Amino acid sequence: MDQLFALAEEIGAQLKARGETVSVAESSSGGLISAALLGVSGASAYYLGGAVVYTAKARVLLMDLPREAVSGMRSASEPYALLLARTARERFGATWGLSETGAAGPNGNPYGDAAGHSCIAIAGPLEMAITIETGESDRQANMRAFAAAALDLLKRATGD
């Protein structure tokens, strides 16, 4: 977690300096992205909120995304990650929406993705989605890797 907190501290400073905000929708990282961002003193200046969108029910209740909105999309895909990031941004009125969705392990997901697969997206003044594959089945290590990749994407997007 120390690596995540250090990265979040840099991001927090960037967001504060730019007067920008972020909201988060994460899945297989289990709240680690939000925990890292909130672990920084003064996070209320930039962190507007977030949700762990781990199930289809959570997607509906927390993100207000009905089945029709995700028709034809796999959950652990870049298009779905972008939809989550855009929705988080819109629902919170944030400058940036950040999302993560994947398979932490030790097994893969029902969509055929192996453990260690995650799609991460950012929506805001620019949009990006990436896919990472750790090649590992260690659930906790993957959760940390997914959170680190998401924070790194946010750092790159908010950098000068």
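The present account deals with the structure reproduced in this document. (Residues numbered from 1 in each chain as written. Predicted model: local features only at pLDDT ≥ 70, side-chain atom pairs only at ≥ 80, totals over all residues. Heavy atoms only, no water.)

Here we come to the packing of helix α3 (residues 56-63) against helix α4 (residues 78-92). Running from amino to carboxyl end, α3 crosses α4 at an angle of 25 degrees, the nearest separation of the two axes being 11 Å. What the angle tells us is that α3 and α4 run roughly parallel. The residues of α4 that touch α3, namely those facing Arg-59, Leu-62 and Met-63, are Tyr-80, Leu-84, Thr-87, Ala-88 and Arg-91. Each residue belonging to the contact of α3 with α4 can be placed in one class, and the counts come to five nonpolar, one polar and two charged. (Axes fitted to C-alpha atoms, helices over the stretch in contact; angles between N-to-C directions. Helix = DSSP H or I, 4+ residues; strand = E, 2+ residues; numbered from the N terminus. Parallel < 35°, antiparallel > 145°, perpendicular 65-115°, else oblique. Contact = heavy atoms within 4.5 Å. Nonpolar A, V, L, I, M, F, W, Y, C, P; charged D, E, K, R; others polar.)

On to the pattern of salt bridges, then. Under the counting rule described, the total for this entry stands at five salt bridges. Two residues, Glu-20 and Arg-18, come together in a salt bridge whose shortest N-O distance is 3.1 Å. Owing to a relative accessible area of 11%, Glu-20 belongs among the buried residues under this scheme. The partner of Arg-74 in a salt bridge is Asp-113, and the shortest N-O contact between them spans 2.6 Å. On the criterion of sequence distance, the pair formed by Arg-74 in the loop between α3 and α4 and Asp-113 in the loop between β3 (96-103) and β4 (117-123) is long-range, its members being 39 residues apart. Of the residues examined, Arg-74 reaches a relative accessible area of 35% and is grouped as partly exposed. Overall, Asp-113 belongs to the buried group, its relative accessible area being 11%. (Salt bridge = Lys/Arg side-chain N within 4 Å of Asp/Glu carboxyl O. Buried < 20%, exposed > 50% of the residue type's maximum accessible area, 1.4 Å probe, protein only.)

The subject of this paragraph is the side chain of His-117. Mapped onto the fold, His-117 is located in strand β4. In terms of polar contacts, His-117 uses its side chain to reach the side chain of Glu-133, at 2.5 Å. For His-117, the residues in contact, after removing those within four places along its chain, are Ala-76, Gly-102, Ala-103, Thr-131, Ile-132, Glu-133 and Phe-146. (Polar contact = N/O pair within 3.5 Å; in protein donor to acceptor, adjacent residues only side chain to side chain.)

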